[in-house]
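The chain contents come next:
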Amino acid sequence: MPYMCNFLFFFQKIILYCKNTTLLLTPAQLRVVGPGHPVTATVGQDVVLPCHLSPQRDARSLDVRWIRDEFSETVHHYRNGEDLYGEQMEAYAGRTELVRDGLSAGSLDLRIMGLRPSDDGQYTCTVEEAHAYKEVIVELEVSATGADPHLSLGGYEAGGVRVLCRSAGWYPLPQLLWRDARGQHLPSVSQTHSQDQEGFFEIEGAVIVTGSVEGPLSCVVRNSRLQQEQESSLHIAAPFFHNAQPWMVALALVLVLLAVSIGLGVYLFRKQGKLAEQGWSAGRCSVGTPWVWSGAEPWPREVRRRRKGMFSRGSQRP
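Each value, and the rule that gives it
- Residues numbered from 1 in each chain as written.
- Predicted model: local features only at pLDDT ≥ 70, side-chain atom pairs only at ≥ 80, totals over all residues.
- Heavy atoms only, no water.
- UniProt positions renumbered as here; feature names shortened; annotations may be inferred.
- Phe/Tyr/Trp six-rings, centres within 6.5 Å; stacked < 30°, edge-to-face > 60°.
- Helix = DSSP H or I, 4+ residues; strand = E, 2+ residues; numbered from the N terminus.
- Buried < 20%, exposed > 50% of the residue type's maximum accessible area, 1.4 Å probe, protein only.
- Pairing = 2+ DSSP bridges.
- Axes fitted to C-alpha atoms, helices over the stretch in contact; angles between N-to-C directions.

The chain is annotated in an unreviewed UniProt entry as Ig-like domain-containing protein from Anas platyrhynchos platyrhynchos. In the Subcellular location (unreviewed entry) part of its UniProt record, the chain is described as follows: "Membrane".

A few words on the packing of aromatic side chains. The tally for this structure, following the rule as stated, stands at 2 aromatic pairs. Centre to centre, the rings of Tyr92 and Tyr123 are 6.3 Å apart; their planes meet at 85°, and the pair counts as edge-to-face. Of this pair, Tyr92 sits in the loop between strand E7 (82–84) and strand E8 (96–98) while Tyr123 is found in strand E10 (residues 121–129), placing the two residues 31 residues apart along the sequence. The same class applies to Tyr92 as to Tyr123, namely buried. Measuring from ring centre to ring centre gives 6.0 Å for Tyr171 and Phe201, while their planes differ by 25°; the resulting arrangement is stacked. Taken together, the residues span a long stretch of sequence, with Tyr171 in the loop between strand E13 (160–170) and strand E14 (175–179) and Phe201 in strand E17 (residues 201–209) at a distance of 30 residues. The buried category is assigned to Tyr171, whose relative accessible area is 12%. What makes Phe201 buried here is its relative accessible area of 12%.

Further remarks concern the sheet that holds E17. Strand order in the open sheet made by the 4 strands is E12-E13-E17-E16, with antiparallel pairing throughout. The open sheet is flanked by strand E12 (150–157) and strand E16 (190–195), the only strands paired with a single partner. Taken over all neighbouring pairs, the strand axes of this sheet differ in orientation by 20° on average, direction set aside.

Given below as structure tokens:
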């Protein structure tokens, strides 16, 4: 009888263990776990999006599907040991694979090759077994650092010189900042951006620099995700700022011409006065002064000739 009781007790233990094990593996207890933080990568690299089952179990016989959350379309589909490409998005054709090494241990990692800016965003890792469906969202942040900024002069404006800064090949949209020689930020007067067919951003900004800005001017373009930046500097020589005030240049020119005119007028006036003095000292009359005969000096030749003609016609001489 004691042996029978021990056997029954042992048999109950086995049944309880089997029940517990079955509960751990039932679809209702299936759980999908992601990384819990964004996955970061740069354009052109390969990246692995992590996803696994909890508790750990063999996933080779499951239906695993990675979906692009924004479009609700299939990025990669795996079922019962086969990769299915019939529903795959065209943008991911030939660029994805389910990492097979970890399937037996419950790993559902997805590898994406040759990252593009368009790959940035949310992905959903889904598992389906019988009537159970579990999922988890994985965030992928794609970044790219662009070219060195190109600086150029845009002409005179608002009492200063307009400076332009342009840089392309960035993702996501970067920040554009201006700094003087002391590291102080200068406000932009304008800023525009555009995106090409591949998804890369080009950004352009402008600033008005006056003569009060000393030393080199720097344009900084920064990728906030990577905490990386590209910088270029430009030194504007002082003569450029002299032409930045056209009204001042015009006023200076008018003043110079006025001074020259006044000086020339004074010079001519003094010269004419000296000539007049020399004429009076030599006994000559100035133009326009009537001549009066004093009787002490001989008649001028012209007067004598006229008088002679008058008397030759019969007039009496006085």
